[in-house]
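As a plain string of letters, each chain reads:
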Amino acid sequence: MFLKNCWYVACWDHELIDGKMLARTILEEPVVLYKAETGRVVALRDRCCHRGAPLSIGRREGECVRCMYHGLKFDPSGKCIQIPGQENIPPKLGVRSFPVVEKDHLVWIWMGDAEKADASQIVDYPYLRDAQWKGIPEYMHYDANWLLIVDNLSDFAHLAFVHTNTLGGSEEYAYKTKPVAIERLDDGFRVERWHMDAPPPPFHRKVLPADEKAKNVDRRNIGRMLIPGIFFLESMFSPAGSGSERGNREGTREYRNCQFMTPETRRTTHFFFVYLNNFEGSDTNISRSLRDSLIEGFMEDKHIIEHQQKVIDTDAQYRMQAIAADAALSHFRLTLSKKIAQEQAEEAARVPPEKEPLRPHELLLRS
Amino acid sequence: MFLKNCWYVACWDHELIDGKMLARTILEEPVVLYKAETGRVVALRDRCCHRGAPLSIGRREGECVRCMYHGLKFDPSGKCIQIPGQENIPPKLGVRSFPVVEKDHLVWIWMGDAEKADASQIVDYPYLRDAQWKGIPEYMHYDANWLLIVDNLSDFAHLAFVHTNTLGGSEEYAYKTKPVAIERLDDGFRVERWHMDAPPPPFHRKVLPADEKAKNVDRRNIGRMLIPGIFFLESMFSPAGSGSERGNREGTREYRNCQFMTPETRRTTHFFFVYLNNFEGSDTNISRSLRDSLIEGFMEDKHIIEHQQKVIDTDAQYRMQAIAADAALSHFRLTLSKKIAQEQAEEAARVPPEKEPLRPHELLLRS
Amino acid sequence: MFLKNCWYVACWDHELIDGKMLARTILEEPVVLYKAETGRVVALRDRCCHRGAPLSIGRREGECVRCMYHGLKFDPSGKCIQIPGQENIPPKLGVRSFPVVEKDHLVWIWMGDAEKADASQIVDYPYLRDAQWKGIPEYMHYDANWLLIVDNLSDFAHLAFVHTNTLGGSEEYAYKTKPVAIERLDDGFRVERWHMDAPPPPFHRKVLPADEKAKNVDRRNIGRMLIPGIFFLESMFSPAGSGSERGNREGTREYRNCQFMTPETRRTTHFFFVYLNNFEGSDTNISRSLRDSLIEGFMEDKHIIEHQQKVIDTDAQYRMQAIAADAALSHFRLTLSKKIAQEQAEEAARVPPEKEPLRPHELLLRS
């Protein structure tokens, strides 16, 4: 149900400040994340191998973590390196560790086979490290499957109905336009849309100088959605009729929008985002206003999407009916489901380890 | 588990005032109800056929409703009549609509085969439209199966124990009386009970003139319970010894009590009721007092019945043991279960439509 | 999953004061407990045999209880002795009763075959009735399987990590000591540990006279854990170096700690405890301080143990790994699981009663 052999965003780096032991479930596996004093980020299964106490309520010791139930200590690889009152430590005693990479303020995690983890596969988005692009990184929690959020971002059609008063898009315009052409990629899709000679949408108008607020703009949106759930949106607003469609960027204001959907469970999602602009200069209120506008808009999505999840949960027989605007999400779901199927086939082909019988310390734990 | 081909109360008409989009689950199906400006009441499956967003958070447009996710518009028959940005609308695109009839302030809905819906089968209760009979329509929600409420109303025995201080019935009297005779009907049952020469029960005493409060009354109750869960109770209070049992109705005060149980789910119920009297004249406080007394009494029932539901849920092995007073509820359950069995047999005899394979836009929605 | 043929603590006797109808689920069976005016304690299945209303919201009448739905009355053996309005009472009409014994302020209940109940098997702990030993009986509710609490009490290792600032145990010492030797019993285990020449742990220091607070003590702990989940701990604190290990008890202060774990469900537990001391004299603040210290410490355990339960529930594949300190809990789980297996084998060997077909009053109650 999840693609495991790929990189997911686990957290923003600021979430690990000051030695915070961050408990976060990812792909239905509880993980504890922390940054050692050395600066190294560690990710371990959030469960002591001994009696199951969460390590996230344990104690960080250097690069290690100590379970505060019976005192077992684990190094960053997950190996148990101390058992109070016991000299010999069985070599297999330990917890699972996950490959993690900190890059451009994001902490990426690899939930699949550790030996397949290749940091060079992490998508590069240079705006995240470019000082000219400013924005405030944020996090939201969704009570919905991450693909419903991917769906939401896969068409511009909903802008007119869900975000009329926030992120914009005129309803009248929606009835006239055709679904946008999509470019099918091996790992997602790319869409582009021009919206000429229209008033600036509310979030943009708010941060414009007074003399520009009333002037129409030509808007260009280029969206890219990548497996497993990474969205980049480049938005450019030029003075209407200035010829931006022919390459003239004079007077153009630009945004770079990143959104990262990481499944917490099959019904809940970690949603990370930042909305970058390149024109605020020293006016930090522009970032703040854009952040607030985004959250306002995302709450509108959340309202719809969490309702969708409930509807889907309520009736296992419900079959959705496609419209033309679903081309992008259909391609994405098809591509992703093929990758998952392939991964699961490889998994199924492995000889499973023999099941060991229950030992006395495990008796009566269940049922 | 439910009888589908019959009329259920969906709401009071006042619940649809001012264009309210009422989301209400009936027989485990989410329904949206609204009254168009033309006055027509519409009931649709509360789920856009496209991506599952609830129509109840959509927008009413004339007699139609527009889904406010991607803008699809549906007419009162459920047919999709507009997709923003798409010219051709596949004919099968649409949501289910349900037959509805507004009658005497109640909105009735038919959850089964629409072609079998016959408005003339709706039970007629003329007091609901007779200006001489006054009362305040109410709604309560129960965390219990609707038949547990039917059970509750199927005997007068519980009055003495549950409602001693509200709806009345003397406990001492309960030990002496025999279960009341019941008349078995094809679609329910009828019971009648006389209770002679007793003080007026609290709810009645409250609305009596001061000089009548202390005088004993002869009380006659005639109850009728109809499938699927409709209860009418006629209550007559005459001066004790005035000969009401021989037809003398001088000095008699009467009530007409309607209660409608509509399953929300197999464990929850919509409970509609109104308690009508024919003697309040211009004193609206009589209706208000009776309404308050009823709610007080029904809260006593709710307390017991919701506990019952929990007990039943807790232990799948629990078998109830019958007493003589269960004759009415036993007849009702037997009659109803036969009708349900017959309906389900007819359903099972139909050739089910072939299951279509999942299409790309549906992939990964579940599991 | 539970051992049924044994005695469990159902409640403290003070919980039944003033005719209280105590609803308490034990081994997943709802029970109502009450003390008749005669002083006799009664325990019945908390469910009327008629329509399932809880007897705990009924009315105590002498030694009997009346269901306040339709008025059925039950005697202490569970037999129905009155049905209002009905003369003949079917002999089999009744609810299950459970053997109960009140002893030393505890009410013990037997959830298995009543004929096997033998009050002489109830564990005797004379300190509970000895006026020299003072303490305040308490109750806590755990959202965890009772055996996780048994595990917790099965080693002293966790003291240093969980209770450093409350019940004590130095962390440094924990790294140096070996797991304590355990004595394996047929019905549990016994452990003993000396901890010489250390500062008094916080709970003990608090109740010491000012001039003793800073003096080191020799601490002796003797724990006994008995099936199904009964724990006794004798703690003795002597002046360091006074020769207590050679039998000198001069200046020794002693505690007797009882803890009783009774499964409410397989995931929740009733936890009864009292911490007795023999030196408070008339200073009742000593009992109060010890009670508060215990609760403070138990809340630390509860925090860990309830987390453990969640971890176990989350992943059915999780296998725990043993360390040397698990010897006691392993023995306990093995011994108990054998007894349960034997009991279940005996149960399975019985010919089950034939299932009676559903009668009309039971139709449509489920599904």
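What counts as what
- Residues numbered from 1 in each chain as written.
- Chains lettered and ligands numbered in written order.
- Predicted model: local features only at pLDDT ≥ 70, side-chain atom pairs only at ≥ 80, totals over all residues.
- Heavy atoms only, no water.
- Helix = DSSP H or I, 4+ residues; strand = E, 2+ residues; numbered from the N terminus.
- Buried < 20%, exposed > 50% of the residue type's maximum accessible area, 1.4 Å probe, protein only.
- Contact = heavy atoms within 4.5 Å.
- Buried area = accessible area lost by both parts, 1.4 Å probe.
- Polar contact = N/O pair within 3.5 Å; in protein donor to acceptor, adjacent residues only side chain to side chain.
- Nonpolar A, V, L, I, M, F, W, Y, C, P; charged D, E, K, R; others polar.
- Least-squares fit on C-alpha atoms with pLDDT ≥ 70 in both.
- Salt bridge = Lys/Arg side-chain N within 4 Å of Asp/Glu carboxyl O.

## What to know about the overall build of chain A
Within chain A, the regular secondary structure consists of 6 helices and 17 strands. Judged by the C-alpha coordinates and their principal axes, chain A covers about 80 × 50 × 35 Å. A buried classification covers 56% of the 367 residues belonging to chain A. For chain A, long-range pairs separated by at least 24 residues make up 59% of all intrachain contacts whose partners lie at least 6 apart in sequence.

## Let's talk about the interface of chain A and chain B
Counting residues at the interface gives 42 residues for chain A, matched by 39 residues for chain B. Carbon and sulfur atoms supply 56% of the area buried between chain A and chain B, which totals about 3,800 Å² over both sides. Taken as a group, A:Arg319, A:Met320 and A:Gln321 account for 20% of the area that chain A buries against chain B, more than any other trio of residues on that side. At the junction of chain A with chain B, the criterion picks out 21 residue pairs in polar contact (both at pLDDT 80 or more). Elements that contribute at least two residues to the side of chain A that touches chain B include exactly helix H1 (146–153), helix H2 (157–162), helix H3 (171–176), helix H5 (284–314) and helix H6 (327–349) of chain A. Across the side of chain A that touches chain B, the residue classes tally to 23 nonpolar, 10 polar and 9 charged.

## Focus on the relation of the copies chain A and chain B
Mapping chain A onto chain B is achieved by rotating through 120° and translating by 0.0 Å along the same axis, at an RMSD of 0.0 Å. Interpreted geometrically, this transformation is the action of a three-fold axis. Using C-alpha coordinates, one finds that chain A approaches the rotation axis most closely at A:Asp313, a distance of 12 Å.

## Comments concerning the interface of chain C and chain B
Listed by partner, the interface residues are 39 residues for chain C and 42 residues for chain B. Of the roughly 3,800 Å² buried between chain C and chain B on both sides combined, carbon and sulfur atoms contribute 56%. On the chain C side of the contact with chain B, C:Tyr69, C:Leu364 and C:Arg366 bury the most area, a combined 20% of that side's loss. Our enumeration of links across chain C and chain B arrives at 5 salt bridges. In this structure, the salt-bridge partner of C:Arg51 is B:Asp151, at a minimum N-O distance of 2.6 Å.

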